[in-house]
Amino acid sequence: MIGLTPFFVAKGAGPLHRQLYRYIRSEIESGAIRPHAKLPSKRSLSAHLKISQNTVHAAYQQLVAEGYIVARPRSGYYAGEIGMSGGGGAQAVERRPAAPPEETGKKQTTPDLSFDHAAVDIAAFPFGAWRRLYREVLSADRSDLATLGDSRGEPGLRRELSRYLYQARGVVCSPEQIVVGAGTQTLLMLLVQLLGLRSSYAMENPGYSRVRHLFEAMGVEPAFVPLDRYGLSVGALRKSDADIVYVTPSHQFPMGMVMPIARRTELLRWAEEKDGRYVIEDDYDSEFRYAGMPIPALQGLDGGGKVVYVGTLSKALMPSLRLSYMVLPHALLEGYKERLTFYPQTVSRVDQLVMERFIRDGHWAKHLQKMRIVYGRKKEALVAALKTTFAEDVRFVGEEAGLHIAAAFAGKLREAERIELARRAGVVVHPVSVHYAPGTDVSESMGADAEIAVTGASTRMGGSADAVGSMGAGASRDTAVSMSRVPNIGASVLLLGFANLSEEQIAVGVSRLKEAWGAAGVQ
């Protein structure tokens, strides 16, 4: 077992757990701590360094979440292999819709509970502060509000965004590199024009269906890259002819896994191997992580200008706000200035100025802190209700971050049947199948993605799924739950959002699902 003796700085270097985390990460990256080396236990390290076990625990948990170290049940913590390659998967060739449910003769009910993965808790929106800032902006002597403004967005807002992104997500950029737009799709339309319609694109499968539709509407035919338990398979990406790939590494949509450091490094290596390759990083749901601290963005690891970072402010506030942004590498920024500044800014100048003040005056940070607690409780309520109600008949992944989980249910009922029976019971649940590429055999692929959910659930017994991801396929087999223990689970993977529901509504909704599906006699 190795010894660790960091030098702690009393002032100006941040909390002790962050200093310890940075020290161990640096030792692993430099090779001073070799792969598979055993780290001191939390108790022994806290005694050695004269710090609390909670400090050591927080540092270790963040390292596990990022894939730098691995937690092994009843054994301890070990250094991971940050340069390893993960396995890939094969795409199937035919898409068959699930059979429609049989009529039960029961009276249909208008749904009053929706596990909507796109919704937020609007009751928690800071309307008071927002109205006050609106009045300030509109009451000021701002004759310039009648003009269109900077096509890339208000300079003050971009300045605040650059500071926030560096502090919260590790994104390294200047305000000049930021382009503001009315939603992620709007920015992606600009980006496709910038990168070129003749470029070869790829995206995750399953992946965000609206992005797929946008590509198709613009005449782009992306390659669809399957997932494994670590996210997008870089091995499968290499087999495509793609030069540009769209990914959601912080909370993969829809399956919910967090891409570990080894896979992020592998993806960046792919991008660096050829001129003209880029990674479009959609930092989906990055503000809400419930285990450890937020994992730094892929863009912050990129030293070659290969990542276009895309994010949104709307998901944490309210979707109708339509305020997103992208960070362009310097090489693409010059092309944007030359070719695309004729497009006017799509976000109201008033909204931008209000948002600038909202961030600058500390309301944004306060709101995020509050919502992490609110959503964390709702997530725990959903997980607890599922475990209590369905026991061994459900496995899930994605509960460590974001505003939804992907739940795989055992039994003979298929996705469409479960959705319809739930609707009749007054509950809306959402399918995963719509996020698969056309031509995919959904039943077969959902079986593989259900295995991801099962493995993700099982690894929590000995650490996070990210930790297992850094160990490689051989180690993951030791901790994975056999699919045979969850019969027919591949037939039903559903998205369950929780942000818009109270804890009581979540419990009622899960109970209704159990009753509706159990009444069919083939759960």
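All of the points below concern the structure found in this document. (Residues numbered from 1 in each chain as written. Predicted model: local features only at pLDDT ≥ 70, side-chain atom pairs only at ≥ 80, totals over all residues. Heavy atoms only, no water.)

The next thing to look at is helix α12 (residues 349-360). Helix length check: α12 (12 residues) gives 16 Å between terminal C-alpha atoms against 16 Å at 1.5 Å per residue, within 8%. Extensive coverage of α12 is indicated by the burial of 11 of its 12 residues. Those residues of α12 not exposed but buried are Arg 349, Val 350, Asp 351, Gln 352, Leu 353, Val 354, Met 355, Glu 356, Arg 357, Phe 358 and Ile 359. Of the surrounding elements, those touching the buried residues of α12 are α4 (127-139), α5 (155-169), β4 (178-181) and α13 (363-390). Where α12 starts, the residue carrying a side-chain oxygen 3.1 Å from the main-chain nitrogen of Val 350 turns out to be Ser 348. Looking one or two places after α12, you find Gly 362, whose phi comes out positive at around 90°. (Helix = DSSP H or I, 4+ residues; strand = E, 2+ residues; numbered from the N terminus. Expected span 1.5 Å × (residues − 1). Buried < 20%, exposed > 50% of the residue type's maximum accessible area, 1.4 Å probe, protein only. Contact = heavy atoms within 4.5 Å. Polar contact = N/O pair within 3.5 Å; in protein donor to acceptor, adjacent residues only side chain to side chain.)

Glancing now at unusual backbone geometry. A cis amide bond links Asn 205 with the next residue in sequence, Pro 206, at an omega value of 5°. Within the secondary structure, Pro 206 sits in the loop between β5 (201-205) and α7 (209-217). At the junction of Phe 253 and Pro 254, the peptide bond is cis and its omega measures out at 10° in the coordinates. Structurally, Pro 254 is set in the loop between β8 (244-247) and α9 (261-272). One non-glycine residue with positive phi stands out, namely Arg 74, at about 55°. Inspection of the secondary structure puts Arg 74 in the loop between β1 (69-72) and β2 (76-79). Look at Arg 74 and you get exposed, because its relative accessible area is 85%. Here the phi dihedral of Ala 391 falls at roughly 50°; this positive angle occurs in a residue that is not glycine.

Take it as geometry only, folks, not as evidence of what the structure does.
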